[in-house]
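# Reading the structure
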Amino acid sequence: NSFVTRTNTCGELRSAHVGQEVTLYGWIQYQRQGLFLVLRDFQGLTQIIIPQDEAHSHVKNLLCNAAVESVVRVTGIVCPRPPGQENPKMPTGDIEVKAETAEILNSCKKLPFEIKDFIKKSEALRMQYRYLDLRSFQLQYNLRLRSQMVMRMREYLCNLHGFVDVETPTLFKRTPGGAKEFLVPSREVGKFYSLPQSPQQFKQLLMVGGLDRYFQVARCYRDEGSRPDRQPEFTQIDIEMSFVDQAGIQRLIEGLLQYSWPEERGCITTPFPSMTYEEALADYGTDKPDTRFGMKIVDISDFLRRSDIQFVQNALSYPRGTVKAICIPQGVRYFKNKDLESLKESAKSQFNQEIMEIICRPDGSLKSLLTKFLGEEQQSELIQALDMQVDDVVLLAAGEHKQVCSALGSLRLESADLLEAAGLVLRDPATFHFLWVVDFPLFLPKEDNPTELESAHHPFTAPHPSDASLLYSDPTKVRSQHYDLVLNGSEVGGGSIRIHSAEQQHFVLEKVLKEDSEVLSHLLEALEFGAPPHGGIALGLDRLISLIVDAPSIRDVIAFPKSFRGRDLMGNAPDYVTPEELEPYHIQVSWPLAEKEAKQN
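Okay, so let's go over this structure. These figures come from a predicted structure and were not determined experimentally.

Moving on, we come to the packing of aromatic side chains. One pass over the full model with this rule turns up nine aromatic pairs. Between F272 and F434 the ring centres are 4.5 Å apart and the planes differ by 10 degrees, which places this aromatic pair in the stacked class. Taken together, the residues F272 in the loop between α6 (246-260) and β11 (274-276) and F434 in strand β17 (residues 434-438) connect sequence positions 162 residues apart. For the residue pair F272 and F434, the accessibility class agrees, reading buried in each case. Ring-pair connections join several aromatic residues into one group, and the members of that group are W261, F272, F432 and F434. For the cation-ring pair, R412 lies above F293, with the distance from its terminal atom to the ring centre recorded as 3.8 Å.

Encoded structure:
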């Protein structure tokens with residue numbers, strides 16, 4: 001209450017305040033039959049008793065006629081609620097304030113939706129009237145928790161561990177590889193700035209500059225397609241250190257999260273478990289495994305290698321051929337036939353992968369097209385290998401290793417969705433499973449041209465020391481010093497030890513990635529001036545907070561997010577500008593194309 005004219009907030013009055021005169025400011029949550037109203041501010045609710053005596057008739061008229069969500073000032077006396085009328089669900093439920101004077105500071109017109117968390121509102125409407133949506137308790141809680149966590153992170157990094165908070169430029173130039181960047185026109189003919197997708201180059205240059213430890217709550221930009229967990233502008237906790245190795249970065253982040261973790265979400269245990277990229281793919285079919293539940297992928301290649309099943313033998317004849325399966329507990333009880341067909345169709349359409357099911361009957365026997373090729377002893381061994389119980393369903397896939405793992409990893413998550421929709425709890429949102437994934441490949445084949453390579457992380461990532469020689473002979477086999485932090489199946493951070501040799505960086509760009517290194521000449525030159533070994537990481541703040549508060553979307557932890565299609569529905573951005581405004585930037589718009597796009601939108 002410092003610096004303001006209220007005496008208390010609407011969430012702090014208790015029995016100890018009885019008899020005191022207080023002045024409250026807030027919004028009218030609701031009003032009941034001219035007898036009382038509930039006043040709300042950022043901290044909570046207080047019940048206000050509307051006076052009924054003639055001496056306060058003007059106060060009664062004022063408060064009874066005020067619209068819901070109007071802003072009012074109320075001065076009155078704190079009183080205990082009558083016996084039996086206490087509300088244990090409200091922190092202020094033991095008291096009420098008898099209004100003596102009141103003032104309507106601003107009345108509210110008819111609302112487009114009620115300001116209540118349990119009222120269903122379309123997301124488009126919420127985005128259009130975001131300033132109203134922000135009044136909800138959930139969004140208030142999310143943004144305040146976010147603010148507290150960032151403050152604690154800043155304390156940990158700057159005050160306890162000597163990091164320097166540095167703001168890096170927003171206007172820069174195009175970076176090769178990675179996500180698509182937003183362009184910003186300049187007054188120089190044909191020249192554009194780019195909005196950085198991360199401060200990657202700047203933080204490396206700060207290490208060359210000798211700052212040793214850098215930190216920033218960084219705004220980042222990516223011009224990519226709409227995805228539920230992505231925004232065109234987003235925030236990351238950006239960190240870089242000199243003279244550090246992978247283990248040092250991991251210890252720093254574990255300490256940072258432990259220090260800043262909200263008390264109401266319980267404790268987190270460190271160190272976080274770690275697994276390699278190959279282990280994650282083999283056991284979970286993804287590089288961001290959700291380890292809150294089982295249903296791990298089981299390799300049964302060796303077991304079925306002895307069988308006479310043709311499609312199995314065909315799959316195993318290839319160099320990376322494999323047969324793998326996942327066991328869905330109680331699948332018979334929880335899945336309908338259409339669910340199994342939907343899972344098989346999903347694997348076929350997304351991964352071009354055929355799936356065969358095996359069902360464990362009540363008598364312990366197996367129901368599957370496979371059983372006619374397997375003797376009783378082999379069926380018993382299969383049950384044991386997959387740890388099958390009565391009513392379990394097994395989904396089996398045969399083919400190329402990565403394709404099979406990816407398909408089964410996707411089916412594992414889809415099956416969990418179906419089981420939870422049917423009432424089985426597998427993934428407790430109040431449980432937090434952190435995991436480091438390490439030893440990623442340094443390069444991957446390009447999807448559109450598998451004969452060419454692209455960086456699995458970004459082109460500045462250093463090769464694993466054990467694989468450094470392979471960089472020049474067989475780059476496809478090189479592991480990287482790249483590490484991801486995964487929380488409950490979502491990637492919340494990623495980083496690497498960087499290349500600090502100009503010669504090695506030039507080789508990666510020119511020879512391996514076939515990129516024009518001229519666009520990075522400033523960085524390559526900087527590496528020639530005594531660049532220290534360095535590494536870093538970036539935590540995705542929006543995604544991290546959304547997981548902590550169990551928000552359905554990262555838009556629920558951002559004050560003014562963009563829509564699914566990247567639009568600001570409140571301010572109607574992006575918007576058209578006039579030819580006169582474009583003239584200094586030497587740009588002309590092809591209006592027929594623009595009009596066509598406008599109609600599509």
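Having seen the structure, we can now continue with the description.
Below, the discussion takes up the nonpolar core. Counting residues in hydrophobic clusters, the biggest one holds 50 residues, and the most contacted among them are I239, I253, L257 and L485. With near-sequence residues (within four places) excluded, L257 lies in contact with M153, I268, F272, F434, L485, L539 and L544. Counting 22 residues, the second-largest nonpolar core is a separate cluster that includes I300, I358, L382 and V394.

With that settled, the discussion passes to the pairing of strand β16 (residues 393-400). Most of β16 is tucked away: seven of the eight residues are buried. The pairing of strand β13 (residues 321-328) with β16 spans eight bridges and is antiparallel. Bridging across to β16, V323 finds its partner in A398. Taken together, the four bridges between strand β14 (residues 356-360) and β16 define a ladder with antiparallel strand orientation. Bridging across to β16, I359 finds its partner in V393.

Our next topic: the sheet that holds strand β21 (residues 490-497). What the eight strands build is an open sheet, ordered β6-β9-β10-β22-β21-β20-β17-β11; its pairing is mixed. Looking along the sheet, the strands with just one partner apiece sit at the ends: β6 (164-165) and β11. Sheet topology places β21 next to strand β22 (residues 534-540); five bridges connect them, and they run antiparallel. Counted as the bridge partner of G495 is I537 from β22.

Here the focus is a nonpolar patch on the surface. On the surface, Y131, F560 and M570 cluster together to form a nonpolar patch covering roughly 300 Å² of accessible area. Residue position: Y131 is located in helix α3 (residues 130-133).

Cis geometry marks the peptide bond from T270 to P271, where omega comes out at 0 degrees. Residue position: P271 is located in the loop between α6 and β11. The omega torsion of the bond from A573 to P574 falls at 0 degrees, within 30 degrees of zero and hence cis. Relative to the assigned elements, P574 resides in the loop between α17 (541-548) and α18 (579-582).

Scoring rules and cut-offs
- Position numbers for residues start from 1 in each chain and track the written sequence from start to end.
- Only residues with pLDDT of 70 or above have their local features reported here, since the model is predicted, and side-chain atom pairs are shown and tallied only from 80 upward, although totals for entire chains, interfaces and linings are computed over all residues.
- Side-chain figures throughout are based on the complete set of non-hydrogen atoms in the structure, without hydrogens or water.
- Ring pairs are drawn from Phe, Tyr and Trp, using the six-membered ring of Trp, whenever the two centres fall within 6.5 Å, and their geometry is named by plane angle: stacked under 30 degrees, edge-to-face over 60, tilted for the rest.
- Numbering of helices and strands runs from the N terminus, with a helix taken as a DSSP run of H or I at least four residues long and a strand as a DSSP run of E at least two residues long.
- Working definition: with a 1.4 Å probe on protein chains only, accessible area under 20% of the residue-type maximum means buried, over 50% means exposed, and in between means partly exposed.
- Charge-over-ring placement is defined geometrically: NZ (Lys) or CZ (Arg) within 6 Å of the ring centre, and within 35 degrees of the ring normal.
- Nine residue types can take part in a nonpolar core, namely buried Ala, Val, Leu, Ile, Met, Phe, Trp, Tyr and Cys, and a core is a set of them joined through side-chain atoms within 4.5 Å.
- In what follows, a contact means two residues having at least one pair of non-hydrogen atoms within 4.5 Å.
- Any two strands with at least two DSSP bridges between them are considered paired.
- Note that patches include only residues with greater than 30% relative accessible area and no salt bridge, and the join distances are 9 Å for like charges and 5 Å for nonpolar side chains (Val, Leu, Ile, Met, Phe, Trp, Tyr).
- Residue exposure ignores everything except the shown protein chains as possible cover, and the areas themselves are Shrake-Rupley values with a 1.4 Å probe.
- Note on definitions: salt bridges are taken to be side-chain nitrogens of Lys or Arg within 4 Å of carboxyl oxygens of Asp or Glu.

The analysis is restricted to geometry; functional conclusions fall outside its scope.
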